[in-house]
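# Observations on chain architecture
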Amino acid sequence: MSLEVLLVEDDRELRSTLRDALVVEGYGVHTAASLSEAQALAAHAAPDLVILDLGLPDGDGQALLATLRRQRNIPVLVISARQADGQKIALLDAGADDYLVKPFSIGELLARMRVALRHRGTQLQASITHYENGQLTVDLASHRVQRAGEPQHLTPTEFKLLARLVRQAGQVVTHRQLLADVWGPEFTEHTHYLRLYMGQLRAKLEAEPGEPQLLLTEPGVGYRLAEPGA
Ligand code: CA
């Protein structure tokens, strides 16, 4: 049985390009060009994943996200233009799985979809507790972190921050989500904590801390731990 995707995009050309690419990949695709169409389809087509444009002619993509979060726990990828940064972050904080900035490549979209679907699959079983990529190995259960086979000693806060990223490896995590989960809900404005601790983690875990390959910055949004084994 093929996976069903709901593609919400009002730009006719982009919508048909994306639809064709998804069909070639074997996805079943429902398309919507407005918020009202998308809301009707979300209720009746029971999609497995939603690709959601932000600026729609009859409203804001956030409205659909709220509806989806109430109904079913399916992955939502936001696609947006660069100028909508604030809205993009709000959507991630509201429970979207990831975002892509236009223009993006089809290959990148498909990769992000696979990550989001895999995360939903693993969330239903158990959360990710083991991460390997190149020289870095992290095992959350045993609290072990190794680089090039050498044990790395992390402070409790460094470990908590790394663990939060491991659980969502391959996906962007916003500043707000990281601060709330690692330091607590009253610290969501303290982004300087993140800069400091990410610097420390990079110094311990990256081959070249100045040019990180694993602990990646998403400018203005948050951080992303590179996909495992990439
Ligand atoms: Ca649009």
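Residues numbered from 1 in each chain as written. Predicted model: local features only at pLDDT ≥ 70, side-chain atom pairs only at ≥ 80, totals over all residues. Heavy atoms only, no water.

### As for the pattern of salt bridges
Convention followed: In the sections that follow, a salt bridge refers to a side-chain nitrogen of Lys or Arg positioned within 4 Å of a carboxyl oxygen of Asp or Glu. Each residue is assigned to one of three classes by its accessible area relative to the maximum for its type, calculated with a 1.4 Å probe on protein chains only: buried under 20%, partly exposed between the two thresholds, exposed over 50%.
Applying the stated criterion across every chain yields a total of 12 salt bridges. The salt bridge partner of aspartate 20 is arginine 19, with a shortest N-O separation of 3.7 Å. Arginine 224 serves as the salt-bridge partner of glutamate 218, at 2.8 Å between the closest nitrogen and oxygen. With respect to class, glutamate 218 is no different from arginine 224; both count as buried. One connected set of salt bridges, linked through shared partners, spans Asp98, Glu108, Arg112, Glu218 and Arg224.

### Re the coordination of the calcium ion
Note the threshold: The donor set covers N, O and S atoms within 2.8 Å of the metal, switching to 3.2 Å for Na, K and Ca, and it leaves out water, so a site may look short of donors. To qualify as a helix, a DSSP run of H or I must reach at least 4 residues; to qualify as a strand, a run of E must reach at least 2; elements of each kind are numbered from the N terminus.
For the calcium ion, the protein coordination sphere consists of Asp10 (OD), Asp53 (OD) and Gly55 (O), at 2.2 to 2.4 Å. Counting gaps between the donor residues of the calcium ion yields the pattern D-x42-D-x1-G. Placement of aspartate 10 in the loop between β1 (4-8) and α1 (12-24) and of aspartate 53 in strand β3 (residues 49-53) is noted, with a sequence separation of 43 residues between them. The partly exposed category is assigned to aspartate 10, whose relative accessible area is 33%. Judged by relative accessible area, aspartate 53 falls into the buried class, the value being 4%.

### Structural notes on the nonpolar core
As a reminder, the rule being used: Here, nonpolar core means buried Ala, Val, Leu, Ile, Met, Phe, Trp, Tyr and Cys residues that are tied together by side-chain atoms lying within 4.5 Å of each other. Two residues qualify as a contact provided that any one of their heavy atoms is within 4.5 Å of a heavy atom in the partner residue.
Residues Tyr131 and Leu162 are the most contacted members of the largest nonpolar core, which totals 28 residues. Contributing elements (two or more residues each) for this core: β9 (136-139), α6 (156-167), α7 (175-182), α8 (191-205) and β14 (222-225). Per-element accounting of this core gives the leading share, six residues, to α6. Those residues in contact with leucine 162 that lie beyond four places of it in its chain are Val138, Val145, Leu154, Leu201, Leu205 and Leu215. Ranked by size, the runner-up nonpolar core spans 22 residues in total, among them Val8, Leu35, Tyr99 and Val221.

### Considering the domain arrangement of the protein chain
Definition in use: How far each domain reaches was decided by an automatic or database domain assignment. In this description, buried area is defined as the sum, over both parts, of the accessible area (probe of 1.4 Å) that is lost when the two are combined.
As assigned here, the protein chain comprises domain 1 (4-119) and domain 2 (130-225). Using C-alpha coordinates to define each centre, domain 1 is positioned 27 Å away from domain 2. With 12 residues of domain 1 in contact, the opposing surface of domain 2 contributes 14 residues. Buried surface at the junction of domain 1 and domain 2, summed over both partners, amounts to about 1,000 Å²; 45% is from carbon and sulfur atoms.

### Some remarks on unusual backbone geometry
A cis amide bond, omega -5°, links lysine 102 with the succeeding residue proline 103. Mapped onto the elements of the fold, proline 103 is located in the loop between β7 (98-101) and α5 (106-125).

### Brief notes about the packing of helix α2 (residues 35-44) against helix α3 (residues 61-71)
Spelled out, the test is: Fitting a line to C-alpha atoms yields each axis, with helices limited to the stretch in contact; the angle taken between N-to-C directions then spans 0 to 180 degrees. The cut-offs work like this: below 35 degrees is roughly parallel, past 145 is roughly antiparallel, 65 to 115 is roughly perpendicular, and the gaps in between are oblique. Ten residue types, Ala, Val, Leu, Ile, Met, Phe, Trp, Tyr, Cys and Pro, are classed as nonpolar, four, Asp, Glu, Lys and Arg, as charged, and the remainder, Gly among them, as polar.
Remark: α2 packs on α3, axes separated minimally by 10 Å, with the N-to-C direction vectors making an angle of 10°. For the element pair α2 / α3, the angle class is roughly parallel. Only Ala63, Leu64, Thr67, Leu68 and Gln71 of α3 make contact with α2, whose side of the interface consists of Leu35, Ala38, Gln39 and Ala42. Partitioned by chemical class, the residues of the contact of α2 with α3 number six nonpolar, three polar and no charged.

### Structural notes on the sheet that holds β9
Rules: Strands were regarded as paired on the criterion that DSSP finds at least two bridges between them.
With respect to topology, four strands assemble into an open sheet ordered β8-β9-β10-β11, the strand pairing being antiparallel. Looking along the sheet, the strands with just one partner apiece sit at the ends: β8 (130-133) and β11 (150-151). Sheet topology note: the β9/strand β10 (residues 144-147) ladder contains four bridges and is antiparallel. Looking at the pairing, leucine 136 lines up with arginine 147 of β10.

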